[in-house]
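# Analysis of the macromolecular model
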Amino acid sequence: MSTQSNTVNTVHPVDQVLPWGTMLPVALQHVMVMYAGAIAVPLIVGGAMKLSPAEIAYLVNADLFAAGIVTLIQCLGIWKFGIRMPVIMGVTFAAVGPMVAMANSGLGLTHIYGAVIASGLFTVLVAPVFGKLVRFFPPVVTGTIIAVIGITLLKVGITWAGGGAKAADFGSAQNIGMATLVLVVILAISKFGRGFLGNVSVLVGLIVGYLVAMPLGMVHFDHVNEASWFSAIMPFHFGLPQFEIGSIISLSLVMIVVMVESTGMFLALGELCKRKVDAEDISRGLRTDGIGTVIGGVFNTFPYTSFSQNIGLVGMTGVRSRWAVACSGVILLIFGLFPKMGAIIASIPQAVLGGAGICMFGMVAATGIKILQRVNFESRTNLLIVAISVGLGMIPMLAPDFFHSLPSWTAPLTHSGITLAAVSAVLLNAFFNRAQTEEEIEKELMHSAHSAGAE
C-alpha cells in the first residue's frame, strides 16, 4: 500500500489524471474563457470574403473542430509533437491582417488555405531551431514578456467588461455591474472556497453572471435557435488548396511571430506549473503550432497557436493537469460537430466574461512581475531591458497607428505588443548581458524557486 501511495505522490501535477467530477468543470472553464477569441477570426475572415451566413457558420464549426484536435495533440503528445502541458489551442489573431489583405486582393479561400498549409509545414521544419533559443530567455526576458502578455490581455478583459468592442452600450452601468458581480463571486470563492469549489471559481462566477444576465435581457438565444444540431467537418470543403508564393511568405512571417509569442507562453506556463521547460519541450510545442496550422488548412480553418489567455486560468485555479485541458479539446471537438451546443456558450454576454478576464489576465501580468523579482536590478542595464521592452510592447495598445507608414508586411511584428517586447528583451539582454547557457539559467531559476519557497 505504501509503495503505491509513494508512486502516486511522485506524479507531477501536470501529469495527474483528476477525477471526472473535477476535470470536466475545469475543462469547461478553459473552453468558456477561450471561446470568444476562438470564433472571432473565422467571423472576421468570413466577413472579409463576403461569405454567406451558412458558410461563415461552417468556418466557425471547422475552427472549433480543428482546435479540439490540435489541443489534444498539444496536451497528450504524439511522437515529437505536443509539449504535454495544459495548453489550449486556437486560431491566432496575428494572421488576420494578412488573410484579410489576401481576400481584399481578390484571392479566394483556397489560396488562403494553401498559404496556411505551407506556413504550417515551414513552422514544423524550423521549430527545432527556435527550441534551442531557450538560453536567450533568462528571468529578465521571460518576466518582461509575461508581464507584457498579461497587460496586453488586460485590454481584452476590460473591453469585455465594458460590453465588448463597438457595443452600443459599452461602459453602461449594467455591463460594469455584471462584470463586477462576476469578479466579486470569483474573489469570494477564492478566499472562502476549499478543494473542488476553489478550483472552479471562474466557472462558478461565469455561471452566476450568466443566470443573473438572463432576466436582465443580456442573453440572446437567436443564434442558438438558428444553429443546426449536427455539422460534419470535411477536408477541403471549399476546394483544393492553391499555392501562391506571396501569400505563403506572408503567413510564414506571421508564424515566426507566433513562434516567438508561443516560446514566451511556454516558459510562462512552466513557471506556473513549476515544471522546467527545456529546448526539446519548446520544439515539440512549436511543432504542434505548425502541424495544427496544417490541420487547420486541411479542415477549412486558419493558423493555430497556443492561447495565452488560458495560462491565467491555470494560475487562478492552481489546476495544472494537462488531462483537464485535453478534456477541453474533446469539448471543442463536440462543439464543432454539434453547433447548437457551441452557440449556447457563444450566448454568454461579453460583460460576464470581462469580470473573469480582468482577474485571469491580471494574474498573468502578476506572474511576470513575480519573475522579475529574481532579477538583479542593481545593474542599470537590467532596468533598461525591462523599461524599453515594456515601452515598446505598449505601442500597439496605446498608439495603434504608430507604425502606419511602414510597409504592410511588417504588420505581424509591429501590431503585436507581445512580439515587440519579446524581440526587444531578447536582443537587449544579449547585448548587455550576453546569452546565458541553459545551465546558468536553470541555476538562476532554481535559486529563485528556493527563495520563493522560503517566503
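For every chain, the first residue of the written sequence is number 1, and numbering continues from 1 onward in sequence order. In keeping with the model being predicted, local features are shown solely for residues with a pLDDT of at least 70 and side-chain atom pairs are shown and tallied solely at 80 or more, while totals for entire chains, interfaces and linings include all residues. Hydrogens are left out, water is left out, and the side-chain values use all remaining heavy atoms of the structure.

### Quick notes on the pattern of salt bridges
- Here, a salt bridge means any side-chain nitrogen of Lys or Arg that lies within 4 Å of a carboxyl oxygen of Asp or Glu. Tallied over the entire structure, the rule returns 5 salt bridges.
- One salt bridge in this structure joins Asp-15 and Arg-275, with 2.5 Å as the shortest N-O distance. Of this pair, Asp-15 sits in the loop between helix H1 (2-9) and helix H2 (20-48) while Arg-275 sits in the loop between helix H11 (245-273) and helix H12 (279-298), and the two are 260 residues apart along the sequence.
- Owing to a relative accessible area of 25%, Asp-15 belongs among the partly exposed residues under this scheme.
- For each residue, the accessible area found with a 1.4 Å probe, counting protein chains only, is set against the maximum for its type, and the residue is called buried under 20%, exposed over 50%, and partly exposed in between. The exposure class of Arg-275 is partly exposed, given its relative accessible area of 24%.
- Asp-15 serves as the salt-bridge partner of Arg-322, at 2.8 Å between the closest nitrogen and oxygen. With Arg-322 in helix H14 (residues 322-337) and Asp-15 in the loop between H1 and H2, the pair connects residues that are 307 residues apart, well separated along the chain.
- Look at the salt bridges and you will find they share partners, linking Asp-15, Arg-275 and Arg-322 into a network. Runs of H or I in DSSP of at least four residues are treated as helices and runs of E of at least two as strands, each being numbered from the N terminus.

### Describing the nonpolar core
- Side-chain atoms within 4.5 Å link the members of a nonpolar core, which is a set of buried Ala, Val, Leu, Ile, Met, Phe, Trp, Tyr and Cys residues. Of all hydrophobic cores here, the largest spans 130 residues; its most connected members are Ile-112, Val-202 and Phe-302.
- With 14 residues, H11 is the single largest residue contributor to this core.
- Contacts between residues were defined by any pair of non-hydrogen atoms, one from each residue, lying within 4.5 Å. Setting aside residues no more than four positions away along its own chain, Ile-112 makes contact with Val-45, Met-49, Met-99, Met-102, Leu-251 and Phe-302.

### Points about the packing of aromatic side chains
- Any Phe, Tyr or Trp ring, taking Trp's six-membered ring, that has another such ring centre within 6.5 Å forms a pair; planes under 30 degrees apart are called stacked, those over 60 apart edge-to-face, and the others tilted. Across all of its chains, the model carries 8 aromatic pairs by this definition.
- A ring pair is formed by Tyr-113 and Phe-302, whose centres lie 5.8 Å apart and whose planes are at 25°; its orientation type is stacked. In this pair, Tyr-113 is assigned in helix H5 (residues 109-131) and Phe-302 in the loop between H12 and strand S2 (304-306), connecting sequence segments 189 residues apart. Grouping residues by exposure puts Tyr-113 and Phe-302 together as buried.
- Seen from their ring centres, Phe-402 and Phe-403 are 4.9 Å apart, and the 80° between their planes marks the pair as edge-to-face.
- By relative accessible area, which is 52% here, Phe-402 ends up exposed.
- By definition here, charges over rings are those cases where NZ of Lys or CZ of Arg is within 6 Å of the ring centre and within 35 degrees of the ring normal. The ring of Trp-229 has Lys-340 lying over it, and the distance from NZ or CZ to the ring centre is 5.0 Å.

### Description of the confidence of the model for the protein
- Summing up the model confidence of the protein, the mean pLDDT is 83 and the portion of residues at 70 or higher is 92%.
- Each residue carries a pLDDT score, the predictor's own confidence in it, on a scale running from 0 to 100. Within the model, pLDDT remains below 50 along residues 1-8, and this stretch shows 0 contacts once partners closer than five positions in the same chain are excluded.
- Scored below 50 in pLDDT, residues 445-455 shows 4 contacts in the model against residues more than four places distant or in partner chains.

### Digging into the packing of helix H6 (residues 139-162) against helix H19 (residues 417-433)
- In this analysis, axes come from line fits to C-alpha atoms, helices being fitted only over the stretch in contact, and the angle between any two N-to-C directions falls in the range 0 to 180 degrees. At a minimum axis separation of 9 Å, H6 and H19 run at an interaxial angle of 165°. By the angle class used here, H6 and H19 are roughly antiparallel. Considering how the two elements wind past one another, H6 and H19 form a crossing that is right-handed. Residue-level inspection shows Val-140, Val-141, Ile-145, Val-148, Ile-149 and Thr-152 of H6 in contact with H19, the latter providing Gly-417, Ile-418, Ala-421, Ala-422, Ala-425, Val-426 and Asn-429.
- Residues that form the contact of H6 with H19 fall into these classes: 10 nonpolar, 3 polar and no charged. An angle counts as roughly parallel when it lies under 35 degrees, as roughly antiparallel when it exceeds 145, as roughly perpendicular when it falls between 65 and 115, and as oblique in every other case. Here a crossing is taken to be left-handed if its near helix is turned anticlockwise relative to the far helix by less than a right angle, and right-handed if that turn runs clockwise. Residue polarity is assigned by list, with Asp, Glu, Lys and Arg as charged and Ala, Val, Leu, Ile, Met, Phe, Trp, Tyr, Cys and Pro as nonpolar; anything else, Gly included, falls into the polar class.

### Things to note about the environment of Ile-385
- Relative to the elements of secondary structure, Ile-385 occurs in helix H17 (residues 380-398).
- Spatially, the C-alpha atom of Ile-385 lies 8.5 Å from that of Thr-144, the residues being 241 residues apart in sequence.
- Residues in contact with Ile-385, not counting those within four places in the same chain, are Val-140, Ala-425, Leu-428, Asn-429, Phe-432 and Asn-433.

### Examining the environment of Gly-108
- One can find Gly-108 in the loop between helix H4 (96-104) and H5.
- When the C-alpha positions of Gly-108 and Pro-241 are compared, they lie 9.7 Å apart, and in sequence the two are 133 residues distant.

### Some points on helix H16 (residues 350-372)
- Expected helix span is computed as 1.5 Å times (number of residues minus one). Taking 1.5 Å of rise per residue, the 23 residues of H16 would be expected to cover 33 Å, and the 32 Å separating its terminal C-alpha atoms lies within 8% of that figure.
- Take the seven residues that end at a residue and the seven that start at it, fit an axis to each, and the angle between those axes is the bend at that residue. A maximum bend of about 30° is found in H16 at Gly-357.

### Some thoughts on H6
- Relative to the 34 Å expected for 24 residues at 1.5 Å per residue, H6 spans 34 Å between its end C-alpha atoms, a close match to the ideal helical length.
- Of the residues flanking the end of H6, it is Gly-163, one or two places downstream, whose phi is positive at about 120°.

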